[in-house]
Amino acid sequence: GYLSKEENVIFALTTFAQLKQLFPQITLTIALGHLHKVKLLTIVKSLKLVNAVYFIENVPHQLILENYKNYGIGLGLMSISEHDPAEFRDPTEIKAFLSAGIPVICSQDFSISQEIHNQKAGISVKHDRKTILAVLTRLLSNKEEYDYYSRNAIALAKKFIWEDQFNKAIKNSNLAIKNHG
């Protein structure tokens, strides 16, 4: 999933270690980006997760986005603070999770969190291990609920199609576009 800053990835790894005890077959895939692989590998080894955690590296970002359909749950966890404008950034990764039909678990203070919650496309959570672990356990244990969120994720993603947003904005602004050709 998409996790801002290295400390959130470490948080996800330690939470995943607990989840792995309940669901031995699950894996975690992390797109490295700017993260320090050697440090993360040390943590993976200390948690005895070597055969369960995979790193994607040296792959174009667009290709990573296109492969999200191969994963089960998208994590959009952000540590939001007054000094970090993360809540106002375009949540590209979260939108990609949605369009792949992946239920999203995201920090409740992120800009898109309320809409994900309202549309039942995922679950917005407090940024604490107990809550995130409970939500992940619930989704992995209940196929009907997982499928419900998955269908809603696709429906919500359709609202983010740029062409549709552009056409709606033009229609709502009462602007006429003239062809000057």
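Bear in mind the structure is a predicted one, so any value in this text is a computation, not a measurement.

Caption draft 1: Fine view of the overall build of the protein. On a plain count of helices and strands, the protein comes out with eight helices and six strands. Listing the helices and strands of the protein from first to last along the sequence gives β-α-β-α-β-α-β-α-β-α-β-α-α-α. Per-residue burial over the protein gives 41% buried out of 181 residues. Restricting the contact set of the protein to residue pairs at least 6 apart, pairs at least 24 apart contribute 66%. For the protein, the accessible surface area stands at approximately 10900 Å², while carbon and sulfur atoms represent 54% of it.

Caption draft 2: Representation of the environment of K37 within the structure. Its place among the elements puts K37 in helix α2 (residues 37–46). With 20 residues separating them in the primary sequence, K37 and E57 have C-alpha atoms 9.2 Å apart. Once you skip the residues sitting within four places of it in the chain, K37 turns out to touch L32, F55 and E57.

Caption draft 3: View of the side chain of S124. With respect to the secondary-structure elements, S124 resides in strand β6 (residues 122–125). Residue S124 is classed as buried on the basis of its relative accessible area of 18%. If near-sequence neighbours (up to four positions away) are discounted, S124 is found in contact with C106, Q108, S113 and H117.

Caption draft 4: Geometry of the packing of aromatic side chains. What the rule picks out here adds up to one aromatic pair. Plain terms: the ring middles of Y148 and Y149 are 5.8 Å apart, the flat faces sit at 70° to each other, and that makes the pair edge-to-face.

Caption draft 5: Main features of the packing of helix α4 (residues 92–99) against helix α7 (residues 143–157). Look at α4 against α7: their axes get within 7 Å of each other, and the N-to-C directions meet at 120°. Compared by their axis directions, α4 and α7 come out oblique. Listed contacts from α7 to K95, L98 and S99 of α4 are A153, I154, L156 and A157. Split into classes, the residues belonging to the contact of α4 with α7 amount to five nonpolar, one polar and one charged.

Caption draft 6: Examining α7 more closely. Over its 15 residues, α7 runs 21 Å from end to end, which matches the ideal 21 Å to within 8%, given 1.5 Å per residue. Those residues of α7 not exposed but buried are E145, Y149, S150, N152, A153, L156 and A157. Buried residues in α7 make contact with α4, α5 (113–118), β6 and α6 (129–141). The backbone nitrogen of E144 has a side-chain oxygen 3.2 Å away, supplied by the residue at the start of α7, namely N142.

Caption draft 7: Looking closely at the environment of Q119. Tracing the chain through its elements places Q119 in the loop between α5 and β6. Residues Q119 and N152, 33 residues apart in the sequence, show an inter-C-alpha distance of 6.6 Å. Excluding its chain neighbours within four sequence positions, the residues that come into contact with Q119 are N152, L156 and K159.

Caption draft 8: Up close: α4. For α4, the set of buried residues is E93, I94, A96, F97 and L98. Once α4 ends, the next one or two residues include G101, with phi positive near 80°.

Caption draft 9: Quick look at the nonpolar core. Within the largest apolar cluster, 30 residues are counted, with the highest numbers of intra-cluster contacts made by L13, V53 and I105. At the level of secondary structure, the elements contributing two or more residues to this core comprise α1 (5–22), β2 (28–31), α2, β3 (53–56), β4 (74–77), β6 and α6. The biggest single contributor to this core is α1, with six residues. Among the nonpolar cores identified, the runner-up in size contains 15 residues, and C106, I116, A121 and L156 belong to it.

Caption draft 10: Expanded view of the pattern of salt bridges. Across all of its chains, the model carries two salt bridges by this definition. Residue R138 pairs with E145 through a salt bridge whose shortest N-O separation is 2.9 Å. Across the pair K143 and D147 runs a salt bridge whose closest N-O atoms are separated by 2.9 Å. On the criterion of helical spacing, the pair formed by K143 and D147 is a turn pair, its members being four residues apart in helix α7. For K143, a relative accessible area of 57% gives the class exposed. With relative accessibility at 24%, the residue D147 sits in the partly exposed group.

The rules we used
Residues numbered from 1 in each chain as written. Predicted model: local features only at pLDDT ≥ 70, side-chain atom pairs only at ≥ 80, totals over all residues. Heavy atoms only, no water. Helix = DSSP H or I, 4+ residues; strand = E, 2+ residues; numbered from the N terminus. Buried < 20%, exposed > 50% of the residue type's maximum accessible area, 1.4 Å probe, protein only. Contact = heavy atoms within 4.5 Å. Areas by Shrake-Rupley, 256 points an atom, 1.4 Å probe, with all protein chains shown as cover. Phe/Tyr/Trp six-rings, centres within 6.5 Å; stacked < 30°, edge-to-face > 60°. Axes fitted to C-alpha atoms, helices over the stretch in contact; angles between N-to-C directions. Parallel < 35°, antiparallel > 145°, perpendicular 65-115°, else oblique. Nonpolar A, V, L, I, M, F, W, Y, C, P; charged D, E, K, R; others polar. Expected span 1.5 Å × (residues − 1). Polar contact = N/O pair within 3.5 Å; in protein donor to acceptor, adjacent residues only side chain to side chain. Core = buried A, V, L, I, M, F, W, Y, C linked by side-chain atoms within 4.5 Å. Salt bridge = Lys/Arg side-chain N within 4 Å of Asp/Glu carboxyl O.

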